[in-house]
Amino acid sequence: MTVLKRLLLIVVLLVPLAITFFGLQVQTVHVHAQQAMPSGSCNDTVSDDAQLFGNRIVDVVNQAKAVNDSLQADTRVVTVSQNTLAGSSLRDYYYYIQSKCPTWGGSNFVVLILAKGYEPFLHLGSQYSGKMTAADFQQMVLSIRSEFDSGNYAQATIDLLKQVQKKLSPDYTWIWVTLAVLVVLVAGAVLAVILLRHRRAIAVATNAQEQAIRAKQAAVDASSSLSNKIEELSPRIEVLLALIPAVTATQLRGLFETAKEKASTVQERLGNLLSNPDTNPDSKTLQPAYYAQMQRLYQEVYNEAQEPQYLLHAVETAVQRLERNPQEQIDFHQLTTPGLQQEHPRISRPGYSSESTWQGR
């Protein structure tokens, strides 16, 4: 009986103690619940309760707003201290906040919760949850682990938000890159065609100009050769006219005058071409067709100079023979026979052999 009485006394004493203990536990849970609520309001973009961001909280806010602008989302960032968590997980902490701020469970919400010594927790609303997996987020956290370890939570949070934004944003980069490459390729092809045509046109014009310049030089050289030959033969003929028979002198003088007359015609025509700026092949503003026309005109002068050149060669041959023997009978008809034309040197265009078409008539 004594033992039973003592047991009843113990029970009577323990019951109030147990009731008191459970009351304290409920009060402690209530206190922790009150502390779990972010110090800011439900409308704050960033609630740095754990003071992890320091003076860079504005940078975190700006990055959260950048995510909002990019994704048309409602982004929230919350930090929580270890004491406030009291061993609870960040996931549980999020669901408690959601119970106090029901709008945080909306389809367009992006909620990032951080605590020192804890893996960051990310909640994505239904509008974004299918675009990123838990493994994707874990990989993002690993990529900036060094920043968390060094205590640079502000920069780590900013970088993490940037990666989330990039992952959730529609990636049209490949389209723009493809379009840019196509534009560059098309522009390059068009430019290449333009440059090729331009170079080809320049090459054609340059070649035509060079041909015209060579034709001009050949005509000038032919005219100069005629003048030099006439100047050389004139005094020699004047001496011979007094020494040779009258018939021979008449024939020699007639042949020489004919050669000079034809040479004068060539020189006059050449002079007209040289004095006309429209027939100057040195100009670089003309088209290939104009250069070809100039080439043809100077070629005609060159070809025309071949006849007086041939006649002067015949005169020179006669002069040489008469200088050796003034009484020699000269067959001028034979000297001027076309069949003997190949026996005297022709005026060749510079850079071309005497067999070129420039000697043809």
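Counting from 1, residues in each chain are numbered in the order their sequence is written. Totals for whole chains, interfaces and linings use every residue, but because this is a predicted model, local features are given only for residues with pLDDT of at least 70 and side-chain atom pairs only at 80 or more, for both listing and counting. Hydrogens and waters are ignored; side-chain quantities use all the structure's heavy atoms.

Participant: Help me understand the sheet that holds strand S1 (residues 46-48), please; the structure alone is not making it clear to me.
Facilitator: Pairing between the strands of a sheet comes from backbone hydrogen bonds, and it takes one of two forms, parallel or antiparallel. When DSSP finds two or more bridges between a pair of strands, those strands are recorded as paired. By the criteria applied, helices consist of DSSP H or I runs no shorter than four residues and strands consist of E runs no shorter than two, each listed in order from the N terminus. The strand order S1-S2-S3-S4 describes an open sheet built from four strands, whose pairing is mixed. Sheet topology places S1 and strand S4 (121-124) at the edges, where each strand pairs with a single neighbour. Ignoring which end each strand starts from, the neighbouring axes of this sheet average 10° apart. In this sheet, strand S2 (residues 74-79) lies alongside S1 in parallel orientation, the contact comprising three bridges. In the strand pairing of S2, Val46 is matched with Val77. Each of S1 and S2 is contacted by helix H2 (residues 57-71), which is oriented at about 150° to S2, the strand it contacts most. Of the strands in this sheet, S2, strand S3 (109-114) and S4 are in contact with helix H7 (residues 153-168), which crosses S3 at around 150°. Axes, fitted as lines to C-alpha atoms, cover a helix only where it is in contact. Angles between the N-to-C directions of the axes lie from 0 to 180 degrees. Between two residues, a contact is recorded if the distance between any of their heavy atoms is within 4.5 Å.

Participant: Just checking my understanding: could you explain the nonpolar core for this structure?
Facilitator: In globular proteins that are soluble, nonpolar side chains generally tend to be buried together. Working definition of a nonpolar core: buried Ala, Val, Leu, Ile, Met, Phe, Trp, Tyr and Cys residues. They are joined through side-chain atoms within 4.5 Å. Accessibility here uses a 1.4 Å probe with only protein chains present; expressed as a share of the type maximum, an area under 20% marks a residue as buried, one over 50% as exposed, and anything in between as partly exposed. Membership of the largest hydrophobic core comes to 40 residues, with the highest contact counts inside it found for Ile237, Leu252, Phe256, Tyr298, Leu312, Val315 and Phe332. Those elements that provide at least two residues to this core are helix H8 (173-241), helix H9 (246-275), helix H10 (288-304), helix H11 (306-324) and helix H12 (332-335). Top contributing element to this core by residue count: H8, with 12 residues. Listed in part, the 30 residues of the second largest apolar core include Leu52, Leu71, Leu114 and Phe148.

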